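Secondary and tertiary structure notes
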Amino acid sequence: MTDLSNHFDAIVLGAGGAGLMCAAVAGQRGKKVLLIDHANEPGKKILISGGGRCNFTNIHTVPDRYLSENKHFAKSALSRYKAQDFIDLVNRYDIDWHEKTLGQLFCDRSAKQIVEMLLNECPSETVSISLGIPISDVSHADGQYRVKLGDDVATAPALVIATGGPSIPKMGATGFAYDLARRFGLKIIEPRPALVPLTLGGQETLFRELSGVSAPVIAKCGKTAFREAALFTHKGLSGPAILQISSYWKHGEPVSIDFLPDLTDDWLHEAKRNMPRLGLKRAIGAHLPDRLTDTLMDKIALSGDLGNLTDKKLEEAARRLSNWRFMPNGTEGFAKAEVTAGGISTADLSSKTMEARQMPGLYAIGEAVDVTGWLGGYNFQWAWASGHAAGQAL
């Protein structure tokens, strides 16, 4: 596009998943749309997701798998654009996909196919795309939004904020959405890293020596629990179970790990009855990686044959292994966070249209909004659903 001094029906800021979907839906409805991104290519986060294969949705998507100050906000958009709707779109483009685990759907070949599909969904006669030019100013007057890109200016009665959150800054992610929202009077729920590794300090630095060791666990924080793999890193804890629980964790709270989720509370008693000469370390080591067993045994400070250990001590050992409390001292921050929790307050938005209640024509969608999904395709489904909702309303 060379001449931006044009009037549009809508200007969409951000050509990620939500912005592309919004522009496509509005463009197909005959709306003249300008889609803008400061990056030199669209869908950059889509391209790196899922190891380059894009975990594009989750077949188990339901509203209670999303975090928000208003737990009901996501219901409307998610009910009107379901995972199956996006799967149908993917199938129309003959993109091969597979379910990896827990309802997570991935492309067989490449995430590029999803970006190409979304671009193809944007009608060339109605959707114009500007890439690689930073926005120098956004203003509003006389019912019109005015966006300045270098020396060019575009105007429209509708403006969609789809620029995401500050997670993964090396890809150009910033808090631009929040600055813009505040300028137009929208409240911001404090943004924080989500789906992010946790860090350990103090006496728990011992566990950093297990870097690279993983095990299937149940990770708990408060009343929330996830059963998946945990991974020890040189900074602390990661892996799917930890990334999931990190979205619910707050500073000063413990995270408990059940290292033996498949065993009953009295498993050591039973082992003692059946094999009294079996050593405690061997009993535990039969279920856990060797390096992890060694470290846990050092911390438990208990050894010997099961038959020589009292039932009470075995109960205490089993209880610790099923409820091992870690006290993280932080997270690895936005640099390692897959998404951002918090963002533009849903209290200021219509759950049906994503339009700001007190600012006609202003919309916010995707990760920029205070709606954060679980790991495994849920955040992309929110991008598609919220983008579709706004695209229908423009």
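Okay, so let's go over this structure. (Residues numbered from 1 in each chain as written. Predicted model: local features only at pLDDT ≥ 70, side-chain atom pairs only at ≥ 80, totals over all residues. Heavy atoms only, no water.)

What follows is about the side chain of Glu228. With respect to the helices, strands and loops of the structure, Glu228 is situated in strand β16 (residues 224–232). Buried and without a salt bridge, Glu228 has Arg65 as its closest oppositely charged side chain, separated by 9.0 Å. Beyond its immediate sequence surroundings of up to four residues, Glu228 is in contact with Leu102, Ala215, Pro216, Val217, Pro240, Ala241 and Gln244. (Helix = DSSP H or I, 4+ residues; strand = E, 2+ residues; numbered from the N terminus. Buried < 20%, exposed > 50% of the residue type's maximum accessible area, 1.4 Å probe, protein only. Lys, Arg positive; Asp, Glu negative; His and termini not counted. Salt bridge = Lys/Arg side-chain N within 4 Å of Asp/Glu carboxyl O. Contact = heavy atoms within 4.5 Å.)

Another point: the environment of Gly222. Here Gly222 shows up in the loop between β15 (214–221) and β16. Sequence-wise, Gly222 and Ile245 are 23 residues apart; in three dimensions their C-alpha atoms are separated by 9.7 Å.

This brings us to the sheet that holds strand β14 (residues 198–199). In spatial order, the strands read β19-β18-β15-β16-β17-β14-β20; together these 7 strands make up an open sheet with antiparallel pairing. Sheet topology places β19 (324–326) and β20 (330–331) at the edges, where each strand pairs with a single neighbour. One ladder, built from 8 bridges, connects β15 with β16; its direction is antiparallel. Counterpart to Cys221 in the pairing with β16 is Thr224. Where helix α11 (residues 311–322) meets the sheet, it contacts β18 (255–258) and β19, and its direction lies at approximately 115° from that of β18. (Pairing = 2+ DSSP bridges. Axes fitted to C-alpha atoms, helices over the stretch in contact; angles between N-to-C directions.)

Sheets are built from strands paired through backbone hydrogen bonds, the pairs being either parallel or antiparallel. Pairing in this open sheet of 3 strands is antiparallel, and the strands run β4-β7-β6 from one edge to the other. Single-partner strands in this sheet number two, and they are β4 (55–58) and β6 (97–99). For this sheet, the mean angle separating the axes of adjacent strands, direction not counted, is 25°. Relative to strand β7 (residues 104–107), β4 is paired through 3 bridges, and the arrangement is antiparallel. Among the inter-strand pairings, Thr57 is bridged to a residue of β7, identified as Leu105.

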